[in-house]
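Listed here are the chains, written in short residue letters.
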Amino acid sequence: MVVLISGTGSNMSALMEAAKDPAYGAEIVAVGTDREGTRGIQVAEAAGVPTFVVPFRAFAERSEWDAAMSDRIAEYTPDLVVSAGFMRILGPAVVGRHQAVNIHPALLPSFPGAHAVRDALAHGVRVTGTTIHFLDEGIDSGPIIDQVAVPVEDGDDEAGLHERIKVVERRMLVDTVGRLAREGWTIDGRHVRFGRTDTKEIR
């Protein structure tokens, strides 16, 4: 798998740790980002994982950046792309070419977009959570693989609630990617089911 990050790479680090066990079934072949100097890239490089940067600001059009990102991912021929704290929208050039999953800090289809935790608090929900889903060309609109609920507590602010979600999110991401690797999957419309006949190690 190729893992895409935009910051410290805490979810990436959890995946790297899990992948040390051959029984996990998935291998990280590269880590990519959209910005120079991220802490997560430094962590990946220190672990000996190949890295690449496709700076968003280096392109005049989003579509040009999307095509360049798709080409860089393709160099590693991954079976799966994992958007793990990656803060750019991946467009048709990526999602039309690569099977990709994303982790989102809300119970989709509620509160898509970049401010999911803030939006959930503003709406007054008593339960939010996290979702892992396959990417399509919409915004947080692809088929849902798994979800975990997180209660909203009295006095929660955005930062505190987001930290509690991240703990659950990290565990779900590792577990779900491992299942996809070991069991395979099928997508029937909006329904994702684990299991297929041609399972293989995910690279």
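The text that follows walks through the structure, step by step, so that each part is easy to find. (Residues numbered from 1 in each chain as written. Predicted model: local features only at pLDDT ≥ 70, side-chain atom pairs only at ≥ 80, totals over all residues. Heavy atoms only, no water.)

Considering the side chain of His-98
Okay, so step 1: Within the secondary structure, His-98 is located in the loop between helix 4 (92-95) and strand 5 (100-104).
Okay, so step 2: Looking at His-98, the relative accessible area reads 9%, which means it is buried.
Okay, so step 3: Ignoring anything within four residues of it in the chain, the contact list for His-98 reads Ser-70, Ile-73, Ala-74 and Val-81. (Helix = DSSP H or I, 4+ residues; strand = E, 2+ residues; numbered from the N terminus. Buried < 20%, exposed > 50% of the residue type's maximum accessible area, 1.4 Å probe, protein only. Contact = heavy atoms within 4.5 Å.)

Points about the packing of aromatic side chains
Okay, so step 1: This model, assessed by the stated rule, comprises four aromatic pairs.
Okay, so step 2: Geometrically, the ring pair formed by Trp-65 and Phe-86 is stacked, given 6.2 Å between the ring centres and 15 degrees between the ring planes. Taken together, the residues Trp-65 in helix 3 (residues 62-74) and Phe-86 in the loop between strand 4 (81-83) and helix 4 connect sequence positions 21 residues apart. Like Phe-86, Trp-65 is buried. (Phe/Tyr/Trp six-rings, centres within 6.5 Å; stacked < 30°, edge-to-face > 60°.)

Here's the deal with the pattern of salt bridges
Okay, so step 1: Under the definition given, this model contains 12 salt bridges.
Okay, so step 2: With a shortest N-O distance of 2.7 Å, Arg-97 and Asp-71 are connected by a salt bridge. Residue Arg-97 is found in the loop between helix 4 and strand 5, and its partner Asp-71 is found in helix 3; the two are separated by 26 residues along the sequence.
Okay, so step 3: In this structure Arg-97 comes out as partly exposed when scored by relative accessible area, which is 48%. (Salt bridge = Lys/Arg side-chain N within 4 Å of Asp/Glu carboxyl O.)

Quick word on the packing of helix 1 (residues 10-19) against helix 2 (residues 39-46)
The geometry of a pair of packed helices is captured by two quantities: the angle between their axes and the separation between those axes.
Okay, so step 1: Between helix 1 and helix 2, the shortest axis-to-axis distance is 9 Å and the interhelical angle comes to 20 degrees. What the angle tells us is that helix 1 and helix 2 run roughly parallel. Crossing handedness for the pair helix 1 and helix 2: right-handed. Where helix 1 approaches helix 2, its residues Met-12, Ser-13 and Met-16 are matched on the opposing element by Gly-40, Val-43 and Ala-44.
Okay, so step 2: Residues belonging to the contact of helix 1 with helix 2 are distributed by class as follows: four nonpolar, two polar and no charged. (Axes fitted to C-alpha atoms, helices over the stretch in contact; angles between N-to-C directions. Parallel < 35°, antiparallel > 145°, perpendicular 65-115°, else oblique. Left-handed = near helix turned anticlockwise from the far one by under 90°. Nonpolar A, V, L, I, M, F, W, Y, C, P; charged D, E, K, R; others polar.)

Details of helix 6 (residues 158-183)
Counting along an α-helix, one turn takes 3.6 residues, and residues three or four places apart therefore face a common direction.
Okay, so step 1: Helix length check: helix 6, at 26 residues, gives a terminal C-alpha distance of 36 Å against a target of 38 Å (1.5 Å per residue), a fit within 8%.
Okay, so step 2: Positive phi shows up at Gly-184, right after helix 6, with a value of about 75 degrees. (Expected span 1.5 Å × (residues − 1).)

Points about the nonpolar core
Okay, so step 1: The biggest cluster of nonpolar side chains holds 31 residues, and the ones touching the most others in it are Met-1, Val-3, Leu-15, Val-31 and Val-82.
Okay, so step 2: Only strand 1 (2-5), helix 1, helix 2, strand 5, strand 6 (127-134) and helix 6 provide two or more residues apiece to this core.
Okay, so step 3: If one sorts the elements of this core by residue count, helix 6 sits on top with six residues.
Okay, so step 4: Apart from residues no more than four positions distant in its own chain, Val-31 is found in contact with Val-3, Ile-5, Met-12, Ile-41, Ala-44, Val-49, Pro-50, Thr-51 and Phe-52.
Okay, so step 5: Listed in part, the 18 residues of the second largest apolar core include Ala-30, Phe-56, Met-69 and Leu-90. (Core = buried A, V, L, I, M, F, W, Y, C linked by side-chain atoms within 4.5 Å.)

All quantities given are derived from atomic positions and should not be read as evidence of function.
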